[in-house]
6 protein chains.
Amino acid sequence: MKTSIRNHLAGKVVKIIKGQAMSEIDIETAVGVVCSVITTRSLEDLDLKVGDAVHAAIKSTEVGVEKP
Amino acid sequence: MKTSIRNHLAGKVVKIIKGQAMSEIDIETAVGVVCSVITTRSLEDLDLKVGDAVHAAIKSTEVGVEKP
Amino acid sequence: MKTSIRNHLAGKVVKIIKGQAMSEIDIETAVGVVCSVITTRSLEDLDLKVGDAVHAAIKSTEVGVEKP
Amino acid sequence: MKTSIRNHLAGKVVKIIKGQAMSEIDIETAVGVVCSVITTRSLEDLDLKVGDAVHAAIKSTEVGVEKP
Amino acid sequence: MKTSIRNHLAGKVVKIIKGQAMSEIDIETAVGVVCSVITTRSLEDLDLKVGDAVHAAIKSTEVGVEKP
Amino acid sequence: MKTSIRNHLAGKVVKIIKGQAMSEIDIETAVGVVCSVITTRSLEDLDLKVGDAVHAAIKSTEVGVEKP
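Rules used throughout
Residues numbered from 1 in each chain as written. Chains lettered and ligands numbered in written order. Predicted model: local features only at pLDDT ≥ 70, side-chain atom pairs only at ≥ 80, totals over all residues. Heavy atoms only, no water. Least-squares fit on C-alpha atoms with pLDDT ≥ 70 in both. Contact = heavy atoms within 4.5 Å. Salt bridge = Lys/Arg side-chain N within 4 Å of Asp/Glu carboxyl O. Polar contact = N/O pair within 3.5 Å; in protein donor to acceptor, adjacent residues only side chain to side chain. Helix = DSSP H or I, 4+ residues; strand = E, 2+ residues; numbered from the N terminus. Nonpolar A, V, L, I, M, F, W, Y, C, P; charged D, E, K, R; others polar. Pairing = 2+ DSSP bridges. Buried < 20%, exposed > 50% of the residue type's maximum accessible area, 1.4 Å probe, protein only.

Where an unreviewed UniProt entry is consulted, chain A appears under the name Transporter, with the organism given as Acidithiobacillus sulfuriphilus.

### Brief notes about the relation of the copies chain B and chain C
Mapping chain B onto chain C calls for a rotation angle of 180° and an axial translation of 0.0 Å; the resulting RMSD is 0.0 Å. Such a combination of rotation and displacement between the chain copies is what one expects of a two-fold axis. Taken together, the interface assignments show that 100% of the residues at the interface of chain B recur at the interface of chain C, consistent with an identical surface on both copies.

### A closer look at the interface of chain A and chain B
The partner chain B presents 36 residues to the 36 residues of chain A that form the contact. Here chain A and chain B share four salt bridges between them. For Lys-67 of chain A, the salt bridge goes to Asp-52 of chain B, with nearest N and O atoms at 3.1 Å. At the junction of chain A and chain B, the tally comes to 18 residue pairs in polar contact (both at pLDDT 80 or more). Elements that contribute at least two residues to the side of chain A that touches chain B include exactly strand S2 (7–18), strand S3 (22–29), strand S4 (32–39), strand S5 (53–58) and strand S6 (64–67) of chain A. Partitioning the side of chain A that touches chain B into residue classes produces 21 nonpolar, eight polar and seven charged. Relative to strand S6 (residues 64–67) of chain B, S5 of chain A runs antiparallel, the two being bridged by three bridges. Following the sheet pairing, Ala-56 of chain A is matched in S6 of chain B by Val-65 of chain B.

### Regarding the pattern of salt bridges
For side chains of opposite charge, pairing can occur when their charged atoms come near one another. This structure, assessed with the given rule, holds 42 salt bridges over all chains. Between Lys-18 of chain E and Glu-44 of chain E there is a salt bridge, and its shortest N-O distance comes to 3.1 Å. Taken together, the residues span a long stretch of sequence, with Lys-18 of chain E in strand S2 (residues 7–18) and Glu-44 of chain E in helix H1 (residues 40–45) at a distance of 26 residues. A residue is classified by how much of its surface remains accessible, and Glu-44 of chain E, at 45% relative accessible area, is partly exposed. If you follow the salt bridges from partner to partner, you end up with Arg-6 of chain A, Glu-24 and Asp-26 of chain B together with Arg-41 and Asp-45 of chain F in one network.

### Comments concerning the pairing of strand S6 (residues 64–67) of chain E
Every second residue of S6 of chain E is oriented toward a common face, with Gly-64 and Glu-66 of chain E on one face and Val-65 and Lys-67 of chain E on the other, all of them buried. As paired strands, strand S1 (residues 2–3) of chain A and S6 of chain E are joined by two bridges and run antiparallel to one another. Following the sheet pairing, Lys-2 of chain A is matched in S6 of chain E by Lys-67 of chain E.

As structure tokens, then:
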């Protein structure tokens, strides 16, 4: 399966905050912690646990640019 | 200025594809190239050039998780 | 810090609904109430309270147009 | 038709930048100009012109908060 | 009211997971279940119930493409 | 590879509008045409052509609900 989604950042789950409908996942990557918000159902379907190797997936249209 | 946007990934602009309304920016980071799509007006307002030090800014709700 | 994010709407926090992972913030602006959903961690990191002067930040690609 | 999309900001089209696939629309509102990016097909389907009264429509999950 | 949002998929609510701030709605459509995340306030404002005929509304910029 | 992205709608490419940076793809599905906006580079990387069997991929947080 190939995808148009261009950004897939390799990392490791370091924290999970589980809510009723939505959950927050911290993913430690080489460029710092990347924070993700997914449904709690997806959290359970993927059986995500602290320590899991994962990728953060981001559509390019969602990425802004900041310049110091 | 503090922001609720949690993800700010440090990198360097390595490629710019300029369109009429929208442009695509490749940002080289420690975790690989991050691709961003912004308006061409923002590209010009920020005077973005290849080599510029920038951050990729991403709202957590836009980040999915993939598990091998 | 300059940003490609074009929309920053000035307002005042008038309501906060705090959930476990996500929270909802109502921001009163000159054009009406703008509703925002952020992580509860960001709510706490920014120490947001009713009455705070804030901006609503929105990437242009997220804005649709409706015509009567 | 009722919608879950909570933000509908009243304004007037003040500028249109038309690209091949995507176009950028500036909407003057009581809280400042709101910038929108839509498909050029939607621009044409809605027959948008400078001066049109419109609303900017934004899903709450797309709205971040900034605090000075 | 005409809208620039191009995707409006007809279906029926088949499941609701209600959280404090956010809720998840499963919509059965001809192409399978479509999952939506909206604020719990919108859930209540629309008085959504299992069995309701609804549309899933999606801005085109949020849709990626996968190819086997 | 498992993903937190819950919506993958099966269809067939029926139209491509190619721009410099962004392109628009119409995907015919059982529930009607679904419109997608992706980078022109992803269009080329996936070698998308009219007639290709694809899936439209959508994060649940991007899906709103409309009720007649």
